[in-house]
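# Close look at the chain arrangement
Take a look at the letters that make up each chain.
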Amino acid sequence: CDTSVSFDVELTTPACPVKKELEAEARKAVQALPGVETVSVNMTSRVTSTVSRDELLSGVKNIIAVGSGKGGVGKSTVAVNLAVALAREGARVGLFDLDVWGPNVPTMMGARGQVGVVDGKMQPPVRHGVNVMSVGFFLKEGQAVNWRGPMVHHYIRQMSTDVLWGELDYLICDLPPGTGDVALSMCQLIPPTGAVIVTTPQDVALEDAAKAVSMFRTVRVPILGMVENMSFFECPHCEKRTDIFSSGGAAKAAEKLEIPFLGGIPLNVDVRIGGDSGEPIMVAQPDSVVSNRIGDIARTLAARVSVTNALLEEESQLGKPVVWGKPE
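Criteria and cut-off values
- Residues numbered from 1 in each chain as written.
- Predicted model: local features only at pLDDT ≥ 70, side-chain atom pairs only at ≥ 80, totals over all residues.
- Heavy atoms only, no water.
- Buried < 20%, exposed > 50% of the residue type's maximum accessible area, 1.4 Å probe, protein only.
- Helix = DSSP H or I, 4+ residues; strand = E, 2+ residues; numbered from the N terminus.
- Pairing = 2+ DSSP bridges.
- Arc of directions from axis to C-beta.
- Contact = heavy atoms within 4.5 Å.
- Polar contact = N/O pair within 3.5 Å; in protein donor to acceptor, adjacent residues only side chain to side chain.
- Core = buried A, V, L, I, M, F, W, Y, C linked by side-chain atoms within 4.5 Å.
- Axes fitted to C-alpha atoms, helices over the stretch in contact; angles between N-to-C directions.
- Left-handed = near helix turned anticlockwise from the far one by under 90°.
- Nonpolar A, V, L, I, M, F, W, Y, C, P; charged D, E, K, R; others polar.

## A few points about the pairing of strand 3 (residues 60–67)
Counting buried positions along strand 3 yields seven of eight residues, so the element is predominantly enclosed. The pairing of strand 3 with strand 9 (residues 168–174) spans six bridges and is parallel. Each bridged residue has a counterpart across the sheet, and for asparagine 62 the counterpart in strand 9 is tyrosine 170. Of the pairings in the sheet, the one linking strand 3 to strand 10 (residues 194–199) comprises four bridges and is parallel in character. Across the sheet, valine 66 pairs through a bridge with valine 196, a residue of strand 10.

## Details of helix 8 (residues 269–277)
Among the residues of helix 8, those classed as buried are Val271, Gly274 and Gly275. Along helix 8, the residues classed as buried sweep out an arc of 100° about the axis, all on the same side. Buried-residue contacts for helix 8 involve helix 2 (75–88), helix 3 (105–109), helix 9 (281–284) and helix 10 (289–315). Where helix 8 begins, the side chain of asparagine 268 points an oxygen toward the backbone nitrogen of aspartate 270, at a separation of 2.7 Å. Backbone geometry just after helix 8 places glycine 278 at a positive phi near 85°.

## Comments concerning the side chain of asparagine 131
Inspection of the secondary structure puts asparagine 131 in strand 8 (residues 130–134). By relative accessible area, asparagine 131 is classed as buried at 15%. Beyond its immediate stretch of four places on either side in the chain, asparagine 131 contacts Val93, Gly94, Leu95, Pro124, Pro125, Val126, Trp165 and Leu168.

## Re the pairing of strand 8
Most of strand 8 is tucked away: five of the five residues are buried. The side-chain alternation of strand 8 yields two buried faces, one formed by Val130, Val132 and Ser134 and the other by Asn131 and Met133. The sheet contact formed by strand 4 (residues 93–97) and strand 8 spans five bridges and is parallel. Counterpart to aspartate 97 in the pairing with strand 8 is serine 134. Two strands pair when backbone bridges link them, and strand 7 (residues 126–127) and strand 8 are joined in this way by two bridges, in the antiparallel orientation. Each bridged residue has a counterpart across the sheet, and for valine 126 the counterpart in strand 8 is asparagine 131. The antiparallel hairpin formed by strand 7 and strand 8 contains two residues in its connecting segment, where histidine 128 sits at a positive phi of about 55°.

## Brief notes about the nonpolar core
If you look at the biggest cluster of nonpolar residues, it comprises 88 residues, and the most contacted ones within it are Phe216 and Met226. The element that contributes the greatest number of residues to this core is helix 2, accounting for nine residues. Counting seven residues, the second largest nonpolar core, distinct from the first, contains Leu11, Cys16, Val36 and Val39.

## Observations regarding the packing of helix 6 (residues 203–218) against helix 7 (residues 249–257)
Viewed as axis vectors pointing N to C, helix 6 and helix 7 meet at an angle of 35°, and their least axial separation amounts to 11 Å. Note that helix 6 runs across helix 7; the crossing there is right-handed. Seen from helix 6, the contacting residues are Leu206, Ala210, Val213 and Arg217; seen from helix 7, they are Gly249, Ala250, Ala253 and Leu257. Residues that form the contact of helix 6 with helix 7 fall into these classes: six nonpolar, one polar and one charged.

Below is the structure:
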């Protein structure tokens, strides 16, 4: 008679970078058992977290800060596309635009609709499978945000308590450039699982990226890795490669700083078009070379989050979660 075997394989993230390989190996191993005719493998996932955040964002398992020491390196573009990439892998994802002085996420995500209200709390618009919240939703066109530290602190707390984020596997936080009030208040109020540093390969950007790494380390936030944006430009007509901002600098800097290098993203006009039109390249051209690179980075990032959580669990005493970002 036909002997069928069915079983689940539970991963630590739906964005596991070796999910297909694990499924194939599990199927092969069971198929080799005596008497087994057919094998059905159900790949599941359960994202975990070991960071305690008290009452703020209690339904969010992992907060990922995306920062840079320098402006103009494409940090928001990377944050937006990483959020979409993780959602496309099956994760529950939110995108919190904390770049309060330059909130571009609504434009990049095509999320210009009104914020809903449910039971007195704000309901984030959903775009491309991602819950999105930004101060940009509450501003008139061209209106500037003139906030100092205390207002920024209050805004982060309010958006953490008065927004129905729901149950999320990952909340991507797009920070403003630098190492100022927003990053420090976020780390204090809603401690992230870890931080991603975005840079271009040029020396000036790398110098500032190192300062961002130093800031996160000072407040005890693990560095999940570094992304090199605008790694190179390949002419679509002659296919000649040009290293406009140099190339490979982030990988060398990551090695020097002893942090993971998550990957590089080439300079591509379609990325800019997607950001301006509200259709990120992960949506507009999901099978493009750039999207494939971003997808690889997202899967590697998810793996780093799982490893970081495992290390934090190992370091915790008597099963008590480590609380990052708060005073000792």
